[in-house]
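Listed here are the chains, written in short residue letters.
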Amino acid sequence: MSGFGRDPQVLEISANAGVVQARQMVRALAQECRLSLVEQTKLITAASELARNTLIYGGGGTMTAVLVDERGRRGVRLVFADQGPGILDIDLAMTDGWTSGNGMGLGLSGSKRLVDDFVLDTAPGQGTTVTITKWAR
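What counts as what
- Residues numbered from 1 in each chain as written.
- Predicted model: local features only at pLDDT ≥ 70, side-chain atom pairs only at ≥ 80, totals over all residues.
- Heavy atoms only, no water.
- Helix = DSSP H or I, 4+ residues; strand = E, 2+ residues; numbered from the N terminus.
- Buried < 20%, exposed > 50% of the residue type's maximum accessible area, 1.4 Å probe, protein only.
- Polar contact = N/O pair within 3.5 Å; in protein donor to acceptor, adjacent residues only side chain to side chain.
- Contact = heavy atoms within 4.5 Å.
- Axes fitted to C-alpha atoms, helices over the stretch in contact; angles between N-to-C directions.
- Parallel < 35°, antiparallel > 145°, perpendicular 65-115°, else oblique.
- Left-handed = near helix turned anticlockwise from the far one by under 90°.
- Nonpolar A, V, L, I, M, F, W, Y, C, P; charged D, E, K, R; others polar.

Draft legend 1. Structural detail: the side chain of Thr128. Residue placement: Thr128 occurs in strand β5 (residues 128–135). When its relative accessible area of 10% is taken as the criterion, Thr128 is described as buried. One polar contact links Thr128 to Thr122, side chain to side chain, over a distance of 2.8 Å. Apart from the residues within four sequence positions on either side, Thr128 is in contact with Phe80, Ala81, Asp82, Gly86, Ile87, Leu120, Asp121 and Thr122.

Structure follows, in C-alpha cells:
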C-alpha cells in the first residue's frame, strides 16, 4: 500500500476549521488503509471528539496521523497533543457518560470504545496527549 512507511502528517488544530480538516484527513487515511465503512465511521467519530477536546480544553494543539504496519496488521494511528492544563481527574474523565457539557457527549471513554488502541498521557499543568489506533480487520 502506498501510504505505509511514509512520514506522519501533522495538522494544527487552532480553530474549528482544524477539527473539520482533522475529520477529512482521517477519512482519507481510513479509506487508504481499507478500513470498512463501519470502522471508518468509528475512527472519524473518535478523531472528531479528540480534535474538539484538543481545541476546547487544550487551547489548541496538533493531530499527527500516520498509516502503520505492525506485525502484519495495517492501521491508522492518530496522536492528539496539546499544552493545555492537563486532566486533573483522569478517573472522572474516563467515566462512561461523563462530559463537561461542551463535546459531543462521547467523552474520552466513548472515544476509547470506538478504537482498538487508546493511550492517555496527561498531568496537571503538562498538557495532554491521546494516541489512538484503528486496525484494519
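On we go from here.
Draft legend 2. Quick peek at the packing of helix α2 (residues 37–56) against helix α4 (residues 107–114). At a closest axis distance of 8 Å, the pairing of α2 and α4 adopts a crossing angle of 150°. When the axis of α2 is compared with that of α4, the two are roughly antiparallel. The chirality of how α2 crosses α4 is left-handed. When α2 is examined against α4, the residues Lys42, Thr45, Ala46, Glu49, Leu50 and Asn53 are found in contact with a partner set consisting of Gly107, Leu108, Ser111 and Leu114. Tallied by class, residues from the contact of α2 with α4 come to four nonpolar, four polar and two charged.

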